[in-house]
Structures are given as structure tokens and as C-alpha cells.
Amino acid sequence: MGSDPVSAALIALLLGLVQGATEFLPISSSAHLYAIPYLFGISDPLLSSLAFGAVIHLGTLAAVLVALRSDVTRLTRVALRIITSLGRHRGDSADERLILAIVIGTIPAVIFGIAAGDLLEGAVRTPLVVAGAVTAGALLLWFAESFGSRERPLQSIGAIDGLMVGLAQALALIPGISRSGATISAGLLLGFSRDAAARISFLMGIPAIAGAGVLELRSLLQEGGDIQQAAPLLLVGLLASFFSGLVAIRLLIRLLSGGKLWSFAIYRVGFALLLVAVALLRGEI
């Protein structure tokens, strides 16, 4: 499947739409990008590769930069002011704490990604492991929704909060856990409001998404991939993930402001059962 240009383009479109939606909705983009080729027998070496999945992350990066452009612009100005003045001219203390939290929160994912990169690309990408991680993520969402106080505003964030959310983000490198689900759950368990937890998740995801996309694009080039031949499919995936990412961000903010996370947890359980059922039917378990 995916051997002719038209079907390959349609699959790239589907994967891009799924990536954009599932990157921000707490249902795991990595699990869905694994599941679609697995469930539908997609064998195209580019479309079923980690490189394609990571490159279309750049579409979701553009989506979050556009959706949170006011926050990103303000925080960038504060960071540049601190750097260029060597710390003499500082901005709002809440913004400084948020920047520090993002920096600290990015470190665990970098360390874990470097240390366990080969394992993440191979051994953990099986139907049973992904289904187990999806189920674990559902339980985490349920626990956070049940026990989080949801009282703290974003302005109260500190370095320890950044570290704890960052550890959750590192754990989400396991396919199925969900970066947004883990970081939002961590934020809720730290007492942040739903809106604040979502914004922390989005902002902390910027360096993580950018890093994954750039590293995998470099890997694609180093492995001798024909970038000119791959460019049309990558472009389709990027644009699809950008537009679906914008929709997903706005949808999630609206859902979190007036609803709960139960529906996502229920979906995850159903998704995990589907993976297990297909694996059983194929005699893989």
C-alpha cells in the first residue's frame, strides 16, 4: 500500500492530519503514527518511518507557534533581554520563572532520548507494548482528573514544577504515553488549572517538537534519503499537521475550560483494545 504517487499522497495527508490532531489531544501521536501503518498494512519505507513522523512534527510546531504567538513573542523578548543584558535587565518575574521551567523541563527529555534512543526506535514499538502504554496514559489522565486540585494559575509556576512536568514529558517518549497527556496530567497533579496545565504543555512542547523534527530530518539526510523525491510527501504531511494542529489546540482549550478528560481516557482504552485485538487475530500475541 502506498506504492503509487496518489495513494502515497493520500496516506501522507492522513498521517499529517492524525499527527496534528493527536500531538495536542492527549491520545498519543506516536501511538497513532505507529498504529496506522500497522493496522492498514502501509509498507512505504518513508511514510512508515520514524523520520517522516518526526518531520511532520514541524507542522505541529508551526501550529503551536501560531496559536500561542502572543505568549511565544513575549517570552522570547524577555529571554533575549536577559541574555543581551547579561541578566541586568529582566522582565516580569512570572515570565522569567516560566522560561526557566521550560528550560529545566526540556532537559529530562533530551537525556532520556539520547540514552534510550535505540530502544525507543525498536523494542518498544510492538502492538502489545504500545497498547500497554496507551492504557497507562489513560489511567494517568483519570488519576490527574480525579485528584488534581486545579487551583493554581500559570503565573505561580516554578523550577520544580518545570522539572516534574519535564520528567513526565521524558516518560512520554515511550510510544503510547502521549506527550500532551503526560504533561497536562503532571500539571493537574501539581495543582494547576486545566487552562494553565494545557499552556504549560503547549509551551514546553515547543523545544521538544522542534528538536525531534530537526534530528530526524538530519537522520533522513545522513541515511541517503532522496529529499527531492520525498519533499512532496513531506510537504503534504507538514501542511496537514499544521492545520489539524491548529484545530486541535483550539478544541482542547475549549474542552478543558468546560469539561473533563474522561472522554480521552475512554478513547485510549478503546484504542488499546483495538491494537490488542488485531494482534491476536494476526497471531502476533
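Small disclaimer: the values here were computed from a predicted structure and weren't measured.

Criteria and cut-off values
Residues numbered from 1 in each chain as written. Predicted model: local features only at pLDDT ≥ 70, side-chain atom pairs only at ≥ 80, totals over all residues. Heavy atoms only, no water. pLDDT = per-residue confidence, 0-100. Helix = DSSP H or I, 4+ residues; strand = E, 2+ residues; numbered from the N terminus. Axes fitted to C-alpha atoms, helices over the stretch in contact; angles between N-to-C directions. Parallel < 35°, antiparallel > 145°, perpendicular 65-115°, else oblique. Contact = heavy atoms within 4.5 Å. Nonpolar A, V, L, I, M, F, W, Y, C, P; charged D, E, K, R; others polar. Salt bridge = Lys/Arg side-chain N within 4 Å of Asp/Glu carboxyl O. Buried < 20%, exposed > 50% of the residue type's maximum accessible area, 1.4 Å probe, protein only. Core = buried A, V, L, I, M, F, W, Y, C linked by side-chain atoms within 4.5 Å.

**Details of the confidence of the model for the protein**
- Overall, the predicted model of the protein reaches an average pLDDT of 86, with 87% of residues at or above 70.
- At the level of individual helices and strands, the protein shows its lowest average pLDDT in helix H7 (residues 117-121), which scores 64, and its highest in helix H9 (residues 159-171), which scores 96.

**A word on the packing of helix H5 (residues 69-84) against helix H6 (residues 93-115)**
- Where H5 meets H6, the closest approach of the two axes is 10 Å, and the angle between their N-to-C directions is 90°. By the angle between their directions, the pair H5 and H6 is classed as roughly perpendicular. From H5, Arg 74, Leu 75, Val 78, Ala 79 and Ile 82 reach across to H6, where they touch Asp 95, Glu 96, Leu 98, Ile 99 and Ile 102.
- Tallied by class, residues from the contact of H5 with H6 come to 7 nonpolar, no polar and 3 charged.

**Observations regarding the pattern of salt bridges**
- Evaluated as defined, the whole model comprises 8 salt bridges.
- As a salt-bridge pair, Asp 71 and Arg 74 come within 3.1 Å of each other at their nearest N and O atoms. Separated by 3 residues within a single helix, Asp 71 and Arg 74 lie in helix H5, roughly one turn from each other.
- You can call Asp 71 buried: its relative accessible area is 12%.
- For Arg 74, a relative accessible area of 32% puts it in the partly exposed group.

**Things to note about the environment of Val 134**
- The residue Val 134 is located in helix H8 (residues 127-147) in this model.
- For the pair Val 134 and Phe 271, spaced 137 residues apart in sequence, the C-alpha separation works out to 7.8 Å.
- Excluding its chain neighbours within four sequence positions, the residues that come into contact with Val 134 are Ala 31, Gly 176, Arg 268, Phe 271 and Ala 272.

**Some details on the nonpolar core**
- Of all hydrophobic cores here, the largest spans 47 residues; its most connected members are Phe 24, Val 64, Phe 202 and Leu 203.
- Broken down by element, the residue count for this core peaks at 9 residues, all from helix H11 (residues 194-222).
- Discounting residues that sit within four places of it in the chain, Leu 203 has contacts with Leu 68, Asp 71, Val 72, Leu 75, Leu 98 and Ile 102.
- Ile 11, Ile 36, Ala 230 and Leu 233 belong to the second largest nonpolar core, which has 15 residues in total.

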